[in-house]
Amino acid sequence: MNGERGGGTRRFGRPAGWAGEGTWTRFVALLCATAVLVLTGGAFVATAAAYAGRESRSDARNPAIAAEGDHPTALWTSHWDSYRGRQFAVVLISPLTDDAPLPPGVAHWPGPGEVLLSPALRDGPPEEDFAHRYGSVAGTVGPQGLASPGERLAYVRPTPELASTTKRWVGITGYGGGSKAAFGDIRIVRPAGELLAAMAVLLALPALVLAVVAARTGAVPQDRRLALLTVLGARRRDRARAVLAAAVRPVAAGAVTGAALLLPFLAFDVELPWIDYRLDAGDLRRAWPWLGAATVLALALTGAVLLLVRPRSAVGAGRPTRSAGAAAGAGSGVAGAGVAGRLRTPVLGMCGGFLLLAWFAGPLFGGGRSSAQVFIVATTGLLVTLPAAVSWGVSRTVGPLAAAAARRSRGPALIAARTAAAHPGLVAGLTSALVLCAGLLGQARLLTDYTTMTSGGPARVAAAGQGAAAIVQASAAARPDQRFLAALPPGAHTVSVGSGPAGLPLVQAPCAELTALALPCPAEDASVTVPAGGLDRRLREAVLDDGGSAGPTGVAVRTGALTGLRDDGSYGLVVVGDGSRLDVPAVKAAVYRHLGATANVDVPGERGQSAANAHQARWVTFLGGAGALVLLLAIGFGALAQALRFAAAVAPLAPLGGDGRLVRSAARHLLGLPVLTAVVLATALDTVLALPRLQTPDMLATPARSLTDYGVLLAAALLLTATLTATAGTAATRLAGRWTPAGD
């Protein structure tokens, strides 16, 4: 008989998955949860594959620097250009021999004064004029020469005259020089570990929450059957088989759905929305075994959640002390899971410990990057253990609330309180999911705000690549001659900047340029000090406010030609537009084609890594948004399941209210209270976690939350409350018409 027991429970389980209340809600919930887990695993595999492929292609194209005694075949150097604040590499290369090897992705040598552009630059915005910025376009860089399909890269072969304007040339013998000579995107992307950690918090954690919610959605009939199996003497293994057998169809359908959604990424180079990054399909195809392993892992995680997140009466092997229906109903929420009961005390202690660690991360770890990393780890631990704390609080609260409602004899409140006391998981699950969703969104917002603020603020980041002035740095061999000046946009004015007397920046230009900028024209070999308040706003931003040579008190002005005023003879030029905007792409074209081969052109707001860091912060918002969608899906399934369970529980009482007002009022108490409580807890959590960042010097600096943020959260909570109340009331009224008494 024991030999037939396993097959019997599987046959009992498979049809059971299609029977009972909330059947299709559970089917869809498990399907979506499995599909999301498959996609999440695929995202981790795609990230690792993208980094590996980018590193491999970067190593293959890096120049092999000629050692002493070698005969170089080409001269090579590179510099950075930027597009809307995002840096990209411009490689200058000049062959020395007829048989000089071509860089990967280059089919032929461009002629002097010609350039090869990557597809991203070739198809760039017309206003940037990449087709004429470095020379005449002679072709396109192939995919073998790009670290990623969307990389911006240019190979320029300068004319001999322009090649003489830099001394940064190095001799190379070929390519495959390793990471020491790396250039391009590989130099500015964040480490893979940081992105994977962000994905674990913002994507994997919500996926697990959805799996837990899906495991309990519509699970009341299954709990009753498991309790019956326990009474009949079924072993733990047999009950586990019954649970898995009942979930085979939705879980398998979810795995197929997730795999199908991954197929386009294997066939095409897909560009991720908003963050402007294109995935290489070839990298993912080479990682297909890992994608298969991720799918298997998703199935295993779903099965583990189904087995672990069950009522204690269904998990235990002993005979239940209450009827099957009562036991199943009382433990139907996540808060009643058997695992949670055994681990409740240590988990609650860990939750408090993580909160203290997050609060004191700055003082304990000295501030800066290490404190920020500890803060993120502590915040993650807090969010993981928070549902257990919420469930514990709910279980401690619903009993006194039910007693208070009984003393006051208020009908709707009494119904809601008694229902919550009998089914604490109904309240705890919804509250925990809402708090966790708000907590994750709050942390994503804080991280984005931090990166934006450390990049100079939102206004400065938004203005990256735009402005009324450009800052040019060129070597001493540069030529600011008439050809360069004629190539500048009409109305542009150019001055030299260097070190002046008394520690002030020195601004020097012909008298006509100084006059156009409302500056005095002192006599030859004389200088005049102009206070900062007397400077043209455009010149002040470029010379003083954006990392000028000295303090902000003013500048020394001198009449003279455009020359290299720096100590090493190199040039520091400021080009100012005739109006509020400067045609920066035209300035860059004039600089790169006439002034200096390796000159740098910056715009206030884009110097250094400020705008680039702000752009990379989009990954946090992107992942946080994806995680929020997953959590909203979990909240939707959980709320729908709770509304249907409530409707089934109070259906016998619906006729007492006549028009259903009694049931709707009870729904407002039972389902609306957790939503509003979650809003209060989420606001408190967000404020508590934000304060260490606001108060700790040199660690993190973020703006305080605005009332608008909390207003949006409250509006969303009220909308969810109204939706749940209407759904539960309507469902209860409809069920009342066909309700009949049934044995427990």
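In this report, the structure presented in the accompanying data block is examined. (Residues numbered from 1 in each chain as written. Predicted model: local features only at pLDDT ≥ 70, side-chain atom pairs only at ≥ 80, totals over all residues. Heavy atoms only, no water.)

Some details on helix H2 (residues 23-61)
Move 1: With 39 residues, H2 extends 57 Å from end C-alpha to end C-alpha; this agrees with the ideal 57 Å at 1.5 Å per step.
Move 2: Taking burial as the measure, the 39 residues of H2 include 28 buried ones, the bulk of the element. (Helix = DSSP H or I, 4+ residues; strand = E, 2+ residues; numbered from the N terminus. Expected span 1.5 Å × (residues − 1). Buried < 20%, exposed > 50% of the residue type's maximum accessible area, 1.4 Å probe, protein only.)

A closer look at the sheet that holds strand E15 (residues 571-576)
Move 1: Pairing in this open sheet of seven strands is mixed, and the strands run E13-E14-E12-E11-E15-E10-E16 from one edge to the other. In the strand order of this sheet, the two ends are held by strand E13 (527-531) and strand E16 (600-602), each with one partner. When strand polarity is set aside, the average angle formed by the axes of neighbouring strands in this sheet is 30°.
Move 2: Summarising the sheet, E13 and strand E14 (residues 554-559) pair through five bridges and their orientation is antiparallel. The partner of Thr529 across the bridge, within E14, is Ala556.
Move 3: Where helix H23 (residues 584-595) meets the sheet, its contacts fall on strand E10 (469-474), E15 and E16, and the angle it forms with E10 comes to roughly 15°. (Pairing = 2+ DSSP bridges. Axes fitted to C-alpha atoms, helices over the stretch in contact; angles between N-to-C directions. Contact = heavy atoms within 4.5 Å.)

A few points about the environment of Leu284
Move 1: Relative to the elements of secondary structure, Leu284 occurs in helix H10 (residues 281-286).
Move 2: When its relative accessible area of 4% is taken as the criterion, Leu284 is described as buried.
Move 3: Along the sequence, Leu284 and Gly53 sit 231 residues apart, while their C-alpha atoms lie 9.2 Å from each other.
Move 4: In this view, Leu284 contacts Ala46, Phe265, Leu266 and Leu291; residues no more than four positions away in its chain are not counted.

Some words on the sheet that holds strand E5 (residues 136-140)
Two strands in a sheet stick together by hydrogen bonds in their backbones, pointing the same way (parallel) or opposite ways (antiparallel).
Move 1: Taken in spatial order, the seven strands make up an open sheet running E1-E7-E2-E3-E6-E4-E5, and their pairing is mixed. The two strands at the open ends of the sheet, each matched to only one other strand, are strand E1 (63-65) and E5. Between one strand and the next, the sheet's axes are offset by a mean angle of 40°, whatever the strand orientation.

Some details on the state of the cysteines
Move 1: A complete count under the given rule lists one disulfide for this structure.
Move 2: A sulfur-sulfur separation of 2.2 Å characterises the disulfide bridge that pairs Cys511 with Cys521. Since a negative S-S torsion denotes a left-handed disulfide, the Cys511-Cys521 link at about 100° is right-handed. Placement of the pair is Cys511 in helix H21 (residues 511-516) and Cys521 in the loop between H21 and E13, with a sequence separation of ten residues.
Move 3: For Cys511, a relative accessible area of 35% corresponds to the partly exposed category. (Disulfide = S-S within 2.5 Å.)

Quick look at the packing of aromatic side chains
Move 1: Within the structure shown, the criterion is met by six aromatic pairs.
Move 2: Here the aromatic residues Tyr83, Phe88 and Phe130 are joined through ring pairs into a cluster of three or more.
Move 3: For Arg54, the ring lying beneath its charged end belongs to Tyr51, and the centroid distance is 4.8 Å.
Move 4: Stacked on the ring of Phe183, the Lys or Arg Arg61 has its end atom at 4.5 Å from the ring centre. (Phe/Tyr/Trp six-rings, centres within 6.5 Å; stacked < 30°, edge-to-face > 60°. Lys NZ or Arg CZ within 6 Å of the ring centre and 35° of its normal.)

Some remarks on the pairing of strand E2 (residues 74-83)
Taken residue by residue, a regular strand's side chains alternate between the two faces of the sheet.
Move 1: Where burial is concerned, most of E2 is hidden: eight out of the ten residues are buried.
Move 2: Strand direction decides the pairing type here: E2 and strand E3 (residues 86-95), joined by ten bridges, are antiparallel. Bridge pairing in E3 places Thr77 opposite Leu92.
Move 3: A loop of two residues connects E2 with E3, the two strands running antiparallel in sequence, and Arg84 in this loop sits at a positive phi of about 55°.

Describing the packing of H2 against helix H6 (residues 192-216)
Move 1: Running from amino to carboxyl end, H2 crosses H6 at an angle of 170°, the nearest separation of the two axes being 8 Å. Classified by the angle between their axes, H2 and H6 sit roughly antiparallel to one another.
Move 2: Split into classes, the residues belonging to the contact of H2 with H6 amount to 22 nonpolar, two polar and two charged. (Parallel < 35°, antiparallel > 145°, perpendicular 65-115°, else oblique. Nonpolar A, V, L, I, M, F, W, Y, C, P; charged D, E, K, R; others polar.)

Thoughts on the pattern of salt bridges
Move 1: Taken as a whole and assessed by the stated rule, the structure comprises 16 salt bridges.
Move 2: Residue Asp81 pairs with Lys588 through a salt bridge whose shortest N-O separation is 3.1 Å. Residue Asp81 is located in strand E2, and its partner Lys588 is located in helix H23; the two are separated by 507 residues in the primary sequence.
Move 3: Taking relative accessible area as the criterion, Asp81 reaches 2% and is therefore assigned buried.
Move 4: Of the charged contacts, one joins Arg286 and Asp283 as a salt bridge, the two residues approaching to 2.6 Å between their closest N and O atoms. In this pair, Arg286 and Asp283 both sit in helix H10, three residues apart, roughly one turn of the helix.
Move 5: For Arg286, a relative accessible area of 60% corresponds to the exposed category.
Move 6: Residue Asp283 is classed as buried on the basis of its relative accessible area, which comes to 5%. (Salt bridge = Lys/Arg side-chain N within 4 Å of Asp/Glu carboxyl O.)

A few points about unusual backbone geometry
Move 1: Here Asp129, not a glycine, exhibits a phi torsion of approximately 55°, which is positive.
Move 2: Inspection of the secondary structure puts Asp129 in the loop between helix H3 (119-122) and helix H4 (130-133).
Move 3: Phi is positive for Asp276, which is not a glycine, with a value near 60°.
Move 4: Here Asp276 lies in the loop between strand E8 (271-272) and strand E9 (277-278).
Move 5: A residue is classified by how much of its surface remains accessible, and Asp276, at 30% relative accessible area, is partly exposed.

Section: a nonpolar patch on the surface
Move 1: Residues Leu356, Phe360, Leu364 and Phe365 make up a contiguous nonpolar surface patch of roughly 410 Å² in combined accessible area.
Move 2: By secondary structure assignment, the location of Phe365 is in helix H15 (residues 361-365).
Move 3: Residue classification places Phe365 among the partly exposed residues on the basis of a relative accessible area of 38%. (Patch = residues over 30% accessible without salt bridge, like charges linked within 9 Å, V, L, I, M, F, W, Y side chains within 5 Å. Areas by Shrake-Rupley, 256 points an atom, 1.4 Å probe, with all protein chains shown as cover.)

Description of the pairing of strand E7 (residues 170-175)
Move 1: One ladder, built from three bridges, connects E1 with E7; its direction is antiparallel. Following the sheet pairing, Ile65 is matched in E7 by Ile172.
Move 2: Judged from the three bridges that link them, E2 and E7 form a sheet pairing that is antiparallel. What sits directly across from Ala74, in E7, is Ile172.

A word on the environment of Gly303
Move 1: Mapped onto the elements, Gly303 comes out in helix H11 (residues 288-308).
Move 2: Judged by relative accessible area, Gly303 falls into the buried class, the value being 14%.
Move 3: Residues Gly303 and Thr34, 269 residues apart in the sequence, show an inter-C-alpha distance of 9.7 Å.

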